[in-house]
Amino acid sequence: GNSVTQMEGPVTLSEEAFLTINCTYTATGYPSLFWYVQYPGEGLQLLLKATKADDKGSNKGFEATYRKETTSFHLEKGSVQVSDSAVYFCALAGGTSYGKLTFGQGTILTVHP
Amino acid sequence: EAGVVQSPRYKIIEKKQPVAFWCNPISGHNTLYWYLQNLGQGPELLIRYENEEAVDDSQLPKDRFSAERLKGVDSTLKIQPAELGDSAVYLCASSSRFGDPYEQYFGPGTRLTVT
């Protein structure tokens, strides 16, 4: 079945540092890949997505590239801000489970001034 | 535009008691999801509704969990009786038939503690 594995957290960075959160997946067929973010006290919200191999999703300075050869979708940002502190979830969808998102365990990011 | 509304935000009950969670999706969203999120884990789908029809309830533990969406708008998820292992956050999400079904809008969740 489908599964998503994220890097162990939490991740603590200083403001303006470079961020990478690793995500790898196992899926049949050609899934779509997503990053969702959950800010403190709020619901999860879609950050970015990619629907086919080599696509790059981007939003709010975050980027992730769909790498089929390495089954990865790593999240990156060149310069993080304190306001980026949140929990980040990698997810996939597709195959026979239409409408169903499969999430990774989440990575807590804390950015210090 | 109002987001997904869930209530209550927090609930503490004793084991073997019943509990119910309510969700009101974004206006016009025909698809509604209930997810379970255990501590330190990502959300896991319990049930998905298209309008009032439950189209995927394969992950719902039907011996104690039930859900309904009678008029295709708001929904209720019930647990009876609750067990200690049910302590978790219950998330509701919705999506529009006119958009990407995987662009789901989540509510803030209900944190359940069973003692």
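Here the structure is shown first, and the text comes after it.
Rules used in this analysis
- Residues numbered from 1 in each chain as written.
- Chains lettered and ligands numbered in written order.
- Predicted model: local features only at pLDDT ≥ 70, side-chain atom pairs only at ≥ 80, totals over all residues.
- Heavy atoms only, no water.
- Helix = DSSP H or I, 4+ residues; strand = E, 2+ residues; numbered from the N terminus.
- Rg over C-alpha atoms; globule rule 2.2 N^0.38 Å.
- Buried < 20%, exposed > 50% of the residue type's maximum accessible area, 1.4 Å probe, protein only.
- Contact = heavy atoms within 4.5 Å.
- Areas by Shrake-Rupley, 256 points an atom, 1.4 Å probe, with all protein chains shown as cover.
- Polar contact = N/O pair within 3.5 Å; in protein donor to acceptor, adjacent residues only side chain to side chain.
- Core = buried A, V, L, I, M, F, W, Y, C linked by side-chain atoms within 4.5 Å.
- Buried area = accessible area lost by both parts, 1.4 Å probe.
- Nonpolar A, V, L, I, M, F, W, Y, C, P; charged D, E, K, R; others polar.
- Pairing = 2+ DSSP bridges.
- Axes fitted to C-alpha atoms, helices over the stretch in contact; angles between N-to-C directions.

Engineer: When you look at the overall build of chain A in this model, what are you seeing that I'm missing?
Structural biologist: Within chain A, the regular secondary structure consists of zero helices and twelve strands. Its helices and strands taken in sequence order, chain A reads β-β-β-β-β-β-β-β-β-β-β-β from the N to the C terminus. Its C-alpha atoms give chain A a radius of gyration of 14 Å, within 12% of the compact-globule value 13 Å for 113 residues. In terms of overall dimensions, chain A has a C-alpha envelope of 45 × 30 × 20 Å along the principal axes. For chain A, buried positions account for 45% of its 113 residues. A separation of at least 24 residues holds for 56% of the contacts in chain A among residues at least 6 apart in sequence. For chain A, the accessible surface area stands at approximately 5,300 Å², while carbon and sulfur atoms represent 49% of it.

Engineer: What is the right way to read the side chain of glutamine 6 of chain B from this model?
Structural biologist: Residues and elements named next belong to chain B. By secondary structure assignment, the location of glutamine 6 is in strand S1 (residues 5-7). Given the relative accessible area of 5%, glutamine 6 is considered buried. Reaching out from glutamine 6, the side chain makes a polar contact with the backbone oxygen of tyrosine 90 at a distance of 3.0 Å. Of the polar contacts made by the side chain of glutamine 6, one reaches the backbone nitrogen of cysteine 92; its length is 3.0 Å. Sequence-distant contacts of glutamine 6, defined by excluding residues within four places in its chain, comprise Trp22, Cys23, Trp34, Tyr90, Leu91, Cys92, Gly107, Pro108, Gly109 and Thr110.

Engineer: Even after reading the chapter, I still don't get the nonpolar core, so can you show me in this structure?
Structural biologist: One broad trend across soluble globular proteins is that nonpolar side chains are buried collectively. If you look at the biggest cluster of nonpolar residues, it comprises 26 residues, and the most contacted ones within it are Leu19, Trp35, Leu47, Leu48, Phe73, Leu75 and Tyr88 of chain A. When residues of this core are traced back to their parent elements, those giving at least two are strand S2 (11-14), strand S3 (19-21), strand S4 (23-26), strand S5 (32-38), strand S6 (45-50), strand S8 (62-65), strand S10 (86-94) and strand S12 (107-112) of chain A. The contacts of leucine 75 of chain A, once residues within four sequence positions are left out, are Leu19, Thr20, Ile21, Trp35, Leu47, Leu48, Phe62, Glu63, Ala64 and Tyr88 of chain A. The next biggest cluster of nonpolar side chains, apart from the first, holds 22 residues, and it includes Val19, Ala82, Ala88 and Cys92 of chain B.

Engineer: Please clarify how the interface of chain B and chain A should be interpreted in this entry.
Structural biologist: Every contact between the two is made by 20 residues of chain B and, on the other side, 20 residues of chain A. Surface buried jointly by chain B and chain A totals about 1,600 Å² across both partners, of which 55% is contributed by carbon and sulfur atoms. Per-residue buried area on chain B facing chain A is highest for Pro43, Tyr102 and Phe106 of chain B; these three make up 37% of the total on that side. At the boundary of chain B with chain A, the tally comes to three residue pairs in polar contact (both at pLDDT 80 or more). Among the elements of the structure, strand S4 (31-37) and strand S5 (44-50) of chain B are those that each provide at least two residues to the side of chain B that touches chain A. Tallying contributions element by element places S4 of chain B first for the side of chain B that touches chain A, with three residues. Classifying every residue of the side of chain B that touches chain A by side-chain character gives nine nonpolar, seven polar and four charged.

Engineer: I tried to follow the sheet that holds S1 of chain B on my own but got confused; where do I start?
Structural biologist: Residue and element names in this part refer to chain B. Within the open sheet, the four strands sit side by side as S1-S3-S8-S7. Their pairing is antiparallel. The open sheet terminates on both sides in strands that have one partner only, identified here as S1 and strand S7 (65-68). Between one strand and the next, the sheet's axes are offset by a mean angle of 15°, whatever the strand orientation. Bridge analysis of S7 against strand S8 (residues 75-79) gives four bridges, and the strand direction is antiparallel.

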